[in-house]
Amino acid sequence: MSAPTVPAAPAAPEVTPGPPRLAAADMAARLTAPFARGADRLPLVVRGTAVAPYDFQLHTAQFGVTPRPLYILQARQDVPAGTTVTLGVRGGPALSLPLADGLTAGTSVPLPDGTGILTGIQSGLAGPQEDWWRLTAFLGTMGRLLWAVGWERDHLRRQLTRTVAQRSVAHAYGAHLDRNGAGLGVVRAPGETDDAYRRRLTVARRWTLPTPAGLTAALNDAVGPLDGVADPLVLDDTDAELRRGLLPLRVAPLDLPPGQSVDLLGTIGTDLPRPPVEEVFHPGLLVALSPHAAESRPLPGTPDPLLVQPVVSAAIARLNLFASRSVVHAGYDPTAADARATGRAVLLSHDTIPASRIAALAHWSGFDLVTHRPDGLVYAECAPGELLGMETGDGTLPVDGTTTLSVRPLTPPPGSLVRWYLLRGGAGRGEFVGPAEGASVDFRGKAAGRIVVVAELRLAGLTASATRELVIRPVTVADNTAIGADGTLDPDPPSPMPPGEGLHPVFLVRHDDPAHAEYGTDAETHRMRREVAEHLDGLIALVPPATTGKLAVRRDLSATASPLAKEARELRLSHPGLPLGTLGALAHRAGFSYVRVAGGVVTVSQEHQDPVRVTAPGLFRDILPIGTTVPLTVTPSPAEIGAAGVLGWSTGDGAAALLTTAPGTMSVRGEHGGPAWVQAAYRVGDKTGPYQLTVRLRPELTGHTLPPATRSLIIQLLDDLRPLGVEVVTRLLPGGNP
């Protein structure tokens with residue numbers, strides 16, 4: 001009897017991508033029965049390019065009302081920019097929904113209110129549309145509110161996923177992919193696409209290099225014993241210490257030709273994407289331009305006075321740093337077809353600076369989109385920001401000191417209510433003096449540290465807020481008390497550097513200000529970490545000019561000194577003309593990480609910072625014009641470091657390039673608009689640098705000279721066996737040439 005035939009397993013059905021979570025649906029599912037009507041929703045079924053037939057009879061039967069649906073279109077996967085979705089509507093014309101910026105997976109957009117029954121969906125994207133889209137109808141007011149609240153959550157969830165994915169070569173893109181390549185020492189070629197560069201990086205990650213142990217064993221097997229010492233050769237790939245300094249740069253155009261636009265990242269073109277529009281707006285929250293920052297010269301037919309949103313007022317104030325007294329011809333104009341309709345853009349010119357230059361300077365000042373119009377005026381637009389402004393003075397006040405905080409505009413729209421709140425996340429404490437309502441309030445500092453103040457304006461269905469951080473500084477520090485940089489009392493002092501990672505003495509600086517400080521009899525007290533010296537300068541500047549005497553600066557140089565004192569990160573201070581508590585408060589204000597008043601002195605110490613500084617003295621606010629070359633300065637200089645370290649330069653993000661313009665001089669050139677950075681790094685000590693191996697004899701063979709034939713054999717083997725791209729340093733092998 002033959003064995004029974006086992007039927008073949010049915011083919012697995014095709015599985016479309018799982019629907020992304022919709023925050024509004026999650027929240028609606030947690031509501032109780034009284035909210036069921038308002039939170040009711042109907043997921044629609046998409047098959048191919050059709051939307052399966054549906055109606056709202058169940059909702060009507062349950063709740064006795066005919067719903068007015070709000071349709072939400074959600075992306076199941078990342079949708080490319082420029083996609084247009086066309087939706088068929090029963091009994092009416094098709095609905096076209098352009099997505100200029102695309103959509104990330106999980107995020108959504110609403111269809112216009114009043115859209116009828118949907119019958120189909122097309123987008124030009126390959127494959128069934130159910131792989132790309134999810135449609136949901138929210139049938140009540142509560143559902144609409146939940147979608148509005150949950151949209152940001154959906155967006156942030158996707159952005160978090162994308163941010164984490166940048167660690168992976170498979171998912172990184174653009175500048176993030178460049179950083180992955182920097183870690184592998186593989187630099188993107190000019191014009192190389194993300195896809196081609198990613199393939200090279202994938203190969204580099206799989207590349208199996210010979211290990212130092214394997215290479216050492218191969219060399220010793222070939223050379224054999226020397227003077228009775230087996231395995232005479234040692235390979236060392238321990239990297240030397242690197243001491244770095246980083247200079248962030250922003251490369252920007254020097255001029256913007258007529259008809260051209262530039263966005264915040266420095267992209268230049270004729271049809272750049274516009275910044276997003278604000279969700280809420282009220283003309284009563286606009287502010288008048290300061291006559292100190294710009295001259296108002298309205299065009300005929302333009303509303304006067306010129307009003308703008310606070311974010312535009314701040315950008316014009318920054319423009320005043322580059323080109324004082326620019327001319328503003330138009331601000332808020334409800335009839336305008338651009339962002340002037342909400343006061344988020346202005347038309348600019350200048351009496352002495354050409355329009356092409358003032359357009360570039362507006363870009364430097366932080367406007368998100370700048371256009372040099374053919375009529376010679378400059379259109380400058382900001383992305384939506386806080387609708388409500390706030391004036392806080394210089395943002396600092398002493399403990400028990402009082403300051404007045406006010407909103408802008410100082411006279412809010414009629415019928416509005418302004419309330420003030422405090423957010424405390426650290427040591428700072430304060431309180432409002434009197435009612436926490438109105439256009440202005442008085443605020444008193446109660447404890448040192450930072451505190452966040454929020455002003456919230458409500459007007460009918462509009463809510464606008466402004467958030468600022470205030471710094472409350474101590475007036476005195478009590479005896480036997482310490483204070484941290486954030487105002488925390490009695491915190492732990494800064495941690496010493498790990499064993500073997502101490503700073504080389506060549507990176508210490510000499511502090512010498514005989515007019516304001518005395519250092520005792522030991523000249524070594526003058527030597528300290530650069531970050532300590534900078535804060536010491538700040539403290540000296542804070543001492544009142546009429547104070548009698550000089551600041552006494554001491555550094556514990558004894559054998560029992562603390563680890564921080566041995567690292568030159570700790571000083572002991574006193575002043576004959578100041579109480580210790582007052583001196584401690586000034587030291588805290590100067591920025592020292594840790595200040596302690598005890599034992600008749602003020603002990604200050606500082607968190608570790610990289611001791612190298614990179615500057616470009618010819619730049620203002622670190623803006624590098626495209627096509628401009630400026631020299632770079634590194635402190636300490638190679639002459640000061642001497643033989644203790646080797647200087648290397650690097651740059652990244654592609655907007656700038658390094659070049660040597662003279663012997664010993666490094667310069668940076670702006671290539672195209674965008675962020676960039678320059679790094680100077682000293683390799684300290686006799687250890688090797690990255691991608692280097694050092695070969696030497698064992699310590700037992702000190703004084704031994706290799707025969708020429710043996711040394712030649714070692715060099716030959718190293719040339720054959722060394723990993724590709726790794727330099728082998730042989731200067732420590734005695735005999736012959738390096």
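Residues numbered from 1 in each chain as written. Predicted model: local features only at pLDDT ≥ 70, side-chain atom pairs only at ≥ 80, totals over all residues. Heavy atoms only, no water.

Caption draft 1: Spatial organisation of the overall build of the protein. Counting its regular elements, the protein contains 14 helices and 46 strands. When the 738 residues of the protein are sorted by exposure, 44% land in the buried category. Long-range contacts, defined here as pairs at least 24 residues apart, represent 67% of the contacts in the protein between residues at least 6 apart. Total accessible area computed for the protein in this model is approximately 37,100 Å², and 56% of it derives from carbon and sulfur atoms. (Helix = DSSP H or I, 4+ residues; strand = E, 2+ residues; numbered from the N terminus. Buried < 20%, exposed > 50% of the residue type's maximum accessible area, 1.4 Å probe, protein only. Contact = heavy atoms within 4.5 Å. Areas by Shrake-Rupley, 256 points an atom, 1.4 Å probe, with all protein chains shown as cover.)

Caption draft 2: Expanded view of helix α7 (residues 212-223). For α7, spanning twelve residues, the distance from its first C-alpha to its last is 16 Å, which sits close to the expected 16 Å at 1.5 Å a residue. Along α7, the residues that are buried comprise L215, T216, L219, N220 and V223. Down the axis of α7, the smallest arc covering the buried residues is 130 degrees, so these residues share one side. Relative to its buried face, α7 has exposed residues pointing more than 90 degrees away, namely A213 and D221. Among the residues trailing α7, G224 stands out with phi positive, at a value near 80 degrees. (Expected span 1.5 Å × (residues − 1). Arc of directions from axis to C-beta.)

Caption draft 3: Fine view of the sheet that holds strand β28 (residues 462-473). Sheet architecture is open: four strands sit in the order β22-β28-β27-β24, paired in mixed fashion. Edge positions in the open sheet fall to β22 (396-398) and β24 (417-423), since each of these has one partner strand only. Sheet twist, expressed as the average angle between the axes of neighbouring strands with direction ignored, equals 30 degrees. Examined bridge by bridge, strand β27 (residues 449-459) and β28 share eleven bridges and lie antiparallel to one another. Bridging from a neighbouring strand, V452 pairs with E469 of β28. (Pairing = 2+ DSSP bridges. Axes fitted to C-alpha atoms, helices over the stretch in contact; angles between N-to-C directions.)

Caption draft 4: Up close: the packing of aromatic side chains. A full pass over the atoms with the stated rule returns seven aromatic pairs. Judged by centre distance (6.0 Å) and plane angle (50 degrees), the ring pair of F281 and Y332 falls under tilted. In this pair, F281 sits in the loop between β13 (268-269) and β14 (287-288) while Y332 sits in the loop between β17 (326-330) and β18 (345-349), placing the two residues 51 residues apart along the sequence. Y332 gets classed as buried once you look at its relative accessible area, which sits at 16%. Their ring planes at 70 degrees and their centres at 5.8 Å tell us that F507 and Y682 sit as a pair that is edge-to-face. Of this pair, F507 sits in the loop between β29 (481-484) and β30 (509-510) while Y682 sits in strand β44 (residues 674-684), placing them 175 residues apart in sequence. Accessibility expressed as a relative area gives 1% for F507, which makes it buried. Members of the aromatic cluster, connected to one another through ring pairs, are F322, W364 and F620. Over the ring of W364 we find R357, and its NZ or CZ is 4.9 Å from the ring centre. (Phe/Tyr/Trp six-rings, centres within 6.5 Å; stacked < 30°, edge-to-face > 60°. Lys NZ or Arg CZ within 6 Å of the ring centre and 35° of its normal.)

Caption draft 5: Summary view of the confidence of the model for the protein. For the protein, the average pLDDT comes to 87, and 90% of its residues sit at 70 or higher. Predicted confidence for residues 1-17 stays below pLDDT 50, and this span has four contacts to residues more than four positions away or in other chains. (pLDDT = per-residue confidence, 0-100.)

Caption draft 6: Broad picture of the sheet that holds strand β41 (residues 645-652). Across the sheet, four strands lie side by side as β38-β11-β44-β41; this open sheet has mixed pairing. If you trace the sheet from one side to the other, it starts and ends with β38 (623-625) and β41, each paired once. Averaged over all adjacent pairs, the angle separating strand axes in this sheet is 30 degrees, with direction ignored. Two strands pair when backbone bridges link them, and β41 and β44 are joined in this way by eight bridges, in the antiparallel orientation. Bridging across to β44, T651 finds its partner in V678. Along the sheet, helix α9 (residues 355-364) contacts β11 (241-252) and β38; its crossing angle with β11, the most-contacted strand, is approximately 135 degrees.

Caption draft 7: Up close: the side chain of E567. In this structure, E567 sits in the loop between α11 (563-566) and β34 (570-574). The residues touching E567, leaving out its near neighbours within four places in the chain, are P496, M497 and R529.

Caption draft 8: Just the pattern of salt bridges, in detail. The tally for this structure, following the rule as stated, stands at 27 salt bridges. Of the charged contacts, one joins R344 and E278 as a salt bridge, the two residues approaching to 2.9 Å between their closest N and O atoms. Taken together, the positions of R344 in the loop between β17 and β18 and E278 in the loop between β13 and β14 put the pair 66 residues apart, joining distant regions of the chain. Here R344 matches E278 in class, with each residue buried. The network of salt bridges with common partners includes R274, E278, R344 and E381. (Salt bridge = Lys/Arg side-chain N within 4 Å of Asp/Glu carboxyl O.)

Caption draft 9: Inspection of the pairing of strand β19 (residues 369-372) at higher detail. Here β19 shows no split at all, with L369 and T371 on one side and V370 and H372 on the other all buried. The sheet contact formed by strand β12 (residues 261-263) and β19 spans three bridges and is antiparallel. Residue pairing for β19: D263 is matched across the bridge by L369. Both β19 and strand β20 (residues 378-381) contribute to a ladder of four bridges, which runs antiparallel. Looking across to β20, one finds that V370 is bridged to A380. Joining the antiparallel neighbours β19 and β20 is a turn of five residues, in which G376 adopts a positive phi near 90 degrees.

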